[in-house]
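Examining the three-dimensional arrangement
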Amino acid sequence: MTSWRITRWGLVGVACWYAAAPVVCRADDTNDLREIVRQLQHQVAEQQRVINSLTEKIQHLDAVPPSEPTHGISIGKRVVLSGEAGIAFFSGDKDSQYPHAEFRIDEAKVFLDALVMDNVYFFAELNLTQRESGDNSVDIGELYLDVENISRFWHHDNQLSLRAGRMDIPFGEEYLMRDAIDNPLIFHTLADFWGVDEGVEFYGKLGKVSYVFAVQNGGEPPLRDANADKSFTGRLSIDPTQWLHLSASGMRTGTIDVNGDGVAEMWFGNAYLGAIGPAATTFHAEIAEGDVMINLPRGRIWASGGYLHFDDNDPNQNDNRDIYFYSVEGLVNATDKFYVASRFSQILVSGGYTLVGNGNYKDYLSVLTSNLWRLSLGGGYRFNQNLVVKLDYTFEQGTEIGGDKRTHEDVFAVELAAKF
């Protein structure tokens with residue numbers, strides 16, 4: 001830097017010498033001398049400004065570390081294309097969904113995000129395949145118009161925004177981090193609430209409190225709704241400190257028509273919420289959940305728990321159920337790249353409900369389970385923000401309402417998850 005300063009001032013000195021030469025020749029003209037001095041001062045000041053600017057740029061480049069790969073591909077100035085995928089290997093016990101060691105594409109999604117006009121965006125998600133689909137059919141995930149920051153019209157930023165179309169059901173916190181690239185483990189909690197449904201959603205922030213409220217069809221078919229009674233979902237979140245996140249969620253599915261809708265759009269226990277009684281024509285559920293996220297210097301603790309009330313109208317039996325669920329997860333970043341994680345979750349229901357879990361669908365969609373627990377142990381290595389390899393061993397056991405034990409559903413899995 002010292003040599004640069006000497007060179008810089010040397011250049012300035014040479015410039016001054018050449019600029020001053022004509023001044024000596026015409027020193028007899030006082031007015032011309034003053035004008036030349038003024039111009040010389042201006043030139044020196046301009047040179048100093050350029051030198052300072054270049055110095056700042058050089059220092060900035062020296063201070064910026066090499067960047068991580070970016071997420072998404074820009075197409076022109078208005079469209080961003082991105083995607084996620086998970087390639088996995090599963091090997092499970094005889095009563096699990098993976099009794100034969102198998103390689104599979106666990107998840108593949110493509111996203112399109114386009115600017116329509118100021119503060120209005122179009123978003124579309126295409127599910128090429130996903131673990132829960134059971135086949136290779138391509139499905140529409142989220143697809144909506146997002147009108148951001150409506151509250152700017154009354155001079156309060158981000159108090160109110162609106163989405164209309166097909167959106168995630170905004171219940172709980174797990175649906176926000178269940179994709180392969182976001183989930184530190186491979187399997188999810190036993191409850192694993194998530195769903196995508198048509199409707200409208202309002203969201204925003206008031207001080208430290210964030211909110212989201214959605215009115216959606218409730219039933220599973222994406223093109224029609226067989227019942228006028230809609231589902232209502234809401235979540236309130238607050239971050240009182242940088243290390244603490246709290247939220248409370250509530251949902252009612254509305255009345256679901258068994259013949260028209262079939263099942264509710266909400267996923268629970270690794271299957272859609274559906275009627276228990278064979279003679280039932282309608283059913284409904286109400287759900288409440290609380291979440292706590294504690295961010296630690298090298299990890300986090302996440303705990304959730306809640307209550308689900310279920311009932312259908314089968315005239316031949318009482319299908320009223322009170323269902324309790326909870327989970328606790330811990331994650332530790334051993335290094336900047338390597339992490340370990342564990343999660344325990346459980347569902348308890350007197351009288352039993354169809355809790356598939358990691359069990360074989362053919363067997364456990366027709367069996368009522370009163371108690372099911374899951375323990376997942378695993379870890380991963382993050383190559384960067386767009387690529388992670390992880391492994392997971394999940395223990396799962398339970399009890400059917402008749403007293404039979406569920407003891408052969410453990411699964412070992414390895415997954416490579418990526419996004420672009």
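It should be emphasised that the depicted structure is a prediction, and the values quoted were computed from it without experimental measurement.

Section: the pairing of strand β14 (residues 282–296)
- In the sheet, strand β10 (residues 244–252) pairs with β14 via nine bridges, with the strands oriented antiparallel. Residue pairing in the sheet places Gly250 in a bridge with Ala288 of β14.
- Strand direction decides the pairing type here: strand β11 (residues 256–257) and β14, joined by two bridges, are antiparallel. Each residue of the ladder has a partner; that of Asp257, found in β14, is Thr282.
- Alignment of β14 against strand β15 (residues 299–312), held across 14 bridges, turns out to be antiparallel.

A few points about the pattern of salt bridges
- For the coordinates displayed, the defined rule picks out 16 salt bridges.
- Across the pair Asp179 and Lys109 runs a salt bridge whose closest N-O atoms are separated by 2.9 Å. Note that Asp179 is positioned in the loop between β6 (161–168) and β7 (196–206) and Lys109 in strand β3 (residues 102–117), a separation of 70 residues in sequence.
- In this structure, Arg163 engages Glu201 in a salt bridge whose closest nitrogen and oxygen atoms are separated by 3.7 Å. Residue Arg163 is located in strand β6, and its partner Glu201 is located in strand β7; the two are separated by 38 residues in the primary sequence.
- Look at Glu201 and you get buried, because its relative accessible area is 5%.

Here's the deal with the side chain of Glu400
- Structurally, the position occupied by Glu400 is in strand β19 (residues 387–400).
- Despite its burial, Glu400 pairs with no opposite charge; the closest candidate is Arg406, at 5.4 Å N-O.
- Not counting chain neighbours up to four residues away, the residues in contact with Glu400 comprise Tyr364, Val367, Leu368, Thr369, Ser370 and Arg406.

Some thoughts on a nonpolar patch on the surface
- A contiguous nonpolar patch, built from Ile87, Ile105, Val332, Phe338, Val340, Tyr381, Phe383 and Leu416 and spanning about 690 Å² of accessible area, is present on the exposed surface.
- Among the elements of the structure, β17 (338–353) and β18 (369–384) are those that each provide at least two residues to the nonpolar patch.
- Structurally, Ile87 can be placed in strand β2 (residues 79–92).

Here is what the cut-offs are and how they apply
- Residues numbered from 1 in each chain as written.
- Predicted model: local features only at pLDDT ≥ 70, side-chain atom pairs only at ≥ 80, totals over all residues.
- Heavy atoms only, no water.
- Pairing = 2+ DSSP bridges.
- Helix = DSSP H or I, 4+ residues; strand = E, 2+ residues; numbered from the N terminus.
- Salt bridge = Lys/Arg side-chain N within 4 Å of Asp/Glu carboxyl O.
- Buried < 20%, exposed > 50% of the residue type's maximum accessible area, 1.4 Å probe, protein only.
- Lys, Arg positive; Asp, Glu negative; His and termini not counted.
- Contact = heavy atoms within 4.5 Å.
- Patch = residues over 30% accessible without salt bridge, like charges linked within 9 Å, V, L, I, M, F, W, Y side chains within 5 Å.
- Areas by Shrake-Rupley, 256 points an atom, 1.4 Å probe, with all protein chains shown as cover.

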